[in-house]
Amino acid sequence: MRLVASELLESREILPGQWLQSFHAPELATGSRAGQFVHVRTGDYSGLVLRRPFSINTADVATGVITIHYRTIGRGTEWFTRLRAGDTIDMLGPLGRPFEVDPRSRHLLLIAGGLGMAGVRYLADEAIRDGRQVTLLFGAASARDVYPSSLLPDEVEYVIATDDGSVGRRGFVTELIPEYEAWADQAFACGPAPMLAALSRLATGRRERMGVAKLGRKRGSGRPDPVGSPAARRKSYLQVSMEQNMGCAVGACLGCVVMATSGTPQRVCREGPVFAADEIDWEAGW
């Protein structure tokens, strides 16, 4: 974790109310992994006390450039849209625990709902770099909200579902899962909580439907991997990146807690934002 003064290189509105910004931040680009985030301070302190968390959308070690993708939803994010090239902002990161890809996995299924694209976009780059095949399923309300395919690597198979059928398939992105669950070795998702809960239910029944053996320890190989450990998450079919409001982003304020199936509260900023789907109690209120 580093506190870095990051220089804005480019800012553009890629969708109505959604912005993509590039920053020169070599210290953050070098140490980051897909699924992690940065906590950013606004420069206007008139009531904007808390930093804002943003997923690391992409990171390029060679150029030292990272990008963030966000929607304007209030005074804080609106302030970021007024930044100009050359402006410097204060970033803390990289924070949180990343996605864990099993070394044996060759086919990765990425699922994003709306702004959840920002949570999985970096993983597409990492997977392609490592020689894996990637299919990305994206869900949006209508054509005006669809993430531009030009911002994705050419190697990614990009499949779109819209609620109104104006682009791609008509319906929810979760309805596409049965077509790909046999192909995918692992799946990774980010989006609204109801979408993630639905994906978790689908993942729970996947082994029975497909007759797929669960990746895990061999008999007699010792104790099982602790729940929540990187090794345990690598063996999970579905990992999810949780979207929660955060105060401190370092585990102190407990403002981003979700409930685990063990009954233990989990801080999204510290134990997450990435979890194995079967770690989360989706029926618990938080």
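Refer to the structure above for everything that follows.
Quick caveat, the model's predicted, so the values are computed rather than measured. (Residues numbered from 1 in each chain as written. Predicted model: local features only at pLDDT ≥ 70, side-chain atom pairs only at ≥ 80, totals over all residues. Heavy atoms only, no water.)

Chemist: For this particular structure, what's the right way to read the overall build of the protein chain?
Modeler: What the protein chain contains, in helices and strands, is six helices and 16 strands. For the protein chain, the C-alpha radius of gyration of 19 Å lies close to 19 Å, the compact-globule estimate for 286 residues. Dimensions of the protein chain, computed from C-alpha atoms along their principal axes, come out at roughly 55 × 45 × 40 Å. Looking at the protein chain as a whole, 51% of its 286 residues qualify as buried. Of the contacts formed within the protein chain by residues at least 6 apart in sequence, a portion of 66% connects residues at least 24 apart. Roughly 13,200 Å² of accessible area belongs to the protein chain as shown, and the carbon and sulfur atoms make up 51% of that amount. Within the protein chain, one finds 33 positive and 32 negative side-chain charges whose respective centroids are separated by 7 Å. (Helix = DSSP H or I, 4+ residues; strand = E, 2+ residues; numbered from the N terminus. Rg over C-alpha atoms; globule rule 2.2 N^0.38 Å. Buried < 20%, exposed > 50% of the residue type's maximum accessible area, 1.4 Å probe, protein only. Contact = heavy atoms within 4.5 Å. Areas by Shrake-Rupley, 256 points an atom, 1.4 Å probe, with all protein chains shown as cover. Lys, Arg positive; Asp, Glu negative; His and termini not counted. Charge placed at Lys NZ, Arg CZ, Asp CG, Glu CD.)

Chemist: Any chance you could explain empty space enclosed by the protein here in plain terms?
Modeler: Think of a ball as big as a water molecule: rolled over the atoms, this probe shows where empty space is left. Evaluation of the coordinates by the stated rule reveals one cavity of 30 Å³ or more. Taken as a whole, the largest cavity spans an internal volume of roughly 50 Å³. Among the residues forming the lining of the largest cavity, the class breakdown is nine nonpolar, no polar and no charged. (1 Å grid on protein atoms, 1.4 Å probe; cavity = no way out; pocket = protein on both sides within 12 Å on 5 of 7 lines; lining within 4 Å. Points joined across faces, edges and corners; volume = space filled by probe spheres on them. Nonpolar A, V, L, I, M, F, W, Y, C, P; charged D, E, K, R; others polar.)

Chemist: Any chance you could explain the sheet that holds strand S9 (residues 133-140) here in plain terms?
Modeler: Hydrogen bonding along the main chain pairs the strands of a sheet, whether they run parallel or antiparallel. Taken in spatial order, the seven strands of this open sheet run S11-S10-S9-S8-S12-S13-S16, and their pairing is mixed. Edge positions in the open sheet fall to strand S11 (169-170) and strand S16 (274-276), since each of these has one partner strand only. As paired strands, strand S13 (residues 238-241) and S16 are joined by three bridges and run antiparallel to one another. Bridge pairing links glutamine 239 to alanine 276 in S16. Relative to the sheet, helix H3 (residues 117-129) contacts strand S8 (107-113), S9, strand S10 (157-162) and strand S12 (186-190), its axis offset from that of S8 by approximately 160°. (Pairing = 2+ DSSP bridges. Axes fitted to C-alpha atoms, helices over the stretch in contact; angles between N-to-C directions.)

Chemist: Would you explain the side chain of glutamate 271 in this entry?
Modeler: Tracing the backbone through its elements, the reader meets glutamate 271 in the loop between strand S15 (265-267) and S16. A distance of 2.7 Å separates a polar atom in the side chain of glutamate 271 from a polar atom in the side chain of arginine 267. In this structure, glutamate 271 is in contact with Arg97, Arg233 and Gln266, ignoring residues within four places of it in sequence. (Polar contact = N/O pair within 3.5 Å; in protein donor to acceptor, adjacent residues only side chain to side chain.)

Chemist: Sorry, what's going on with helix H4 (residues 193-204) here?
Modeler: Its twelve residues give H4 an end-to-end C-alpha distance of 16 Å, which sits within 8% of 16 Å, the value for a rise of 1.5 Å per residue. Structurally, H4 contributes buried residues whose contacts are with S8, S12, helix H5 (206-210) and S13. (Expected span 1.5 Å × (residues − 1).)

Chemist: Can you walk me through the sheet that holds strand S5 (residues 58-60) in this structure?
Modeler: Judged by pairing direction, the sheet is antiparallel, and its seven strands sit side by side in the order S4-S3-S7-S1-S2-S6-S5 without closing on themselves. Edge positions in the sheet fall to strand S4 (52-55) and S5, since each has one partner strand and no second. Pairs of neighbouring strands in the sheet enclose a mean axial angle of 35°, with direction left out of account. Relative to strand S6 (residues 65-71), S5 runs antiparallel, the two sharing three bridges. Residue pairing in the sheet places alanine 59 in a bridge with isoleucine 66 of S6.

Chemist: What is the right way to look at the packing of aromatic side chains in this model?
Modeler: Counted according to the given criterion, the structure contains six aromatic pairs. When the centroid spacing of 5.3 Å and the interplanar angle of 90° are considered together, the rings of phenylalanine 54 and phenylalanine 80 count as edge-to-face. With a gap of 26 residues between them, phenylalanine 54 in strand S4 and phenylalanine 80 in helix H2 (residues 75-81) connect regions that are remote in the sequence. Look at phenylalanine 54 and you get buried, because its relative accessible area is 6%. A relative accessible area of 0% means that phenylalanine 80 is categorised as buried. One aromatic cluster in this structure is built from Phe54, Tyr70, Trp79 and Phe80. (Phe/Tyr/Trp six-rings, centres within 6.5 Å; stacked < 30°, edge-to-face > 60°.)

Chemist: Could you clarify how one ought to interpret the side chain of glutamate 279 in this entry?
Modeler: By secondary structure assignment, the location of glutamate 279 is in the segment after S16. For glutamate 279, a relative accessible area of 7% puts it in the buried group. Aside from chain neighbours lying at most four places away, what touches glutamate 279 is Val227, Gly228, Arg233, Met259, Ala260 and Thr261.

Chemist: Help me understand the pattern of salt bridges, please; the structure alone is not making it clear to me.
Modeler: Side-chain pairs of opposite charge can arise where the charged atoms are in close proximity. Counted by the stated rule, this structure contains 14 salt bridges. With its nearest N and O atoms 2.9 Å apart, the salt bridge here joins aspartate 90 to arginine 51. Highlighted residues: aspartate 90 in strand S7 (residues 88-95) and arginine 51 in the loop between strand S3 (37-41) and S4, separated in sequence by 39 residues. Looking at arginine 51, the relative accessible area reads 15%, which means it is buried. (Salt bridge = Lys/Arg side-chain N within 4 Å of Asp/Glu carboxyl O.)

Chemist: What is the right way to look at the state of the cysteines in this model?
Modeler: Among covalent bonds in proteins, the disulfide is the one between the sulfur atoms of two cysteines. Applying the stated rule across the entire model yields zero disulfides. The structure places no disulfide on cysteine 190, whose sulfur is separated from the nearest cysteine sulfur, that of cysteine 256, by 14 Å. Sulfur of cysteine 248: no disulfide; nearest cysteine sulfur belongs to cysteine 253 and is 3.7 Å away. Residue classification places cysteine 248 among the partly exposed positions, given a relative accessible area of 22%. (Disulfide = S-S within 2.5 Å.)

Chemist: I would appreciate a short explanation of the nonpolar core in the present structure.
Modeler: Where a protein is soluble and globular, its nonpolar side chains tend to be buried together. Counting residues in hydrophobic clusters, the biggest one holds 49 residues, and the most contacted among them are Val38, Ile66, Leu110, Met117, Phe138 and Tyr158. Aside from chain neighbours lying at most four places away, what touches isoleucine 66 is Gln21, Ser22, Phe23, Ala25, Leu28, Ala29, Val38, Thr58, Ala59 and Met91. Counting residues in hydrophobic clusters, the runner-up holds 34 residues, among them Val159, Ala184, Val268 and Ala277. (Core = buried A, V, L, I, M, F, W, Y, C linked by side-chain atoms within 4.5 Å.)

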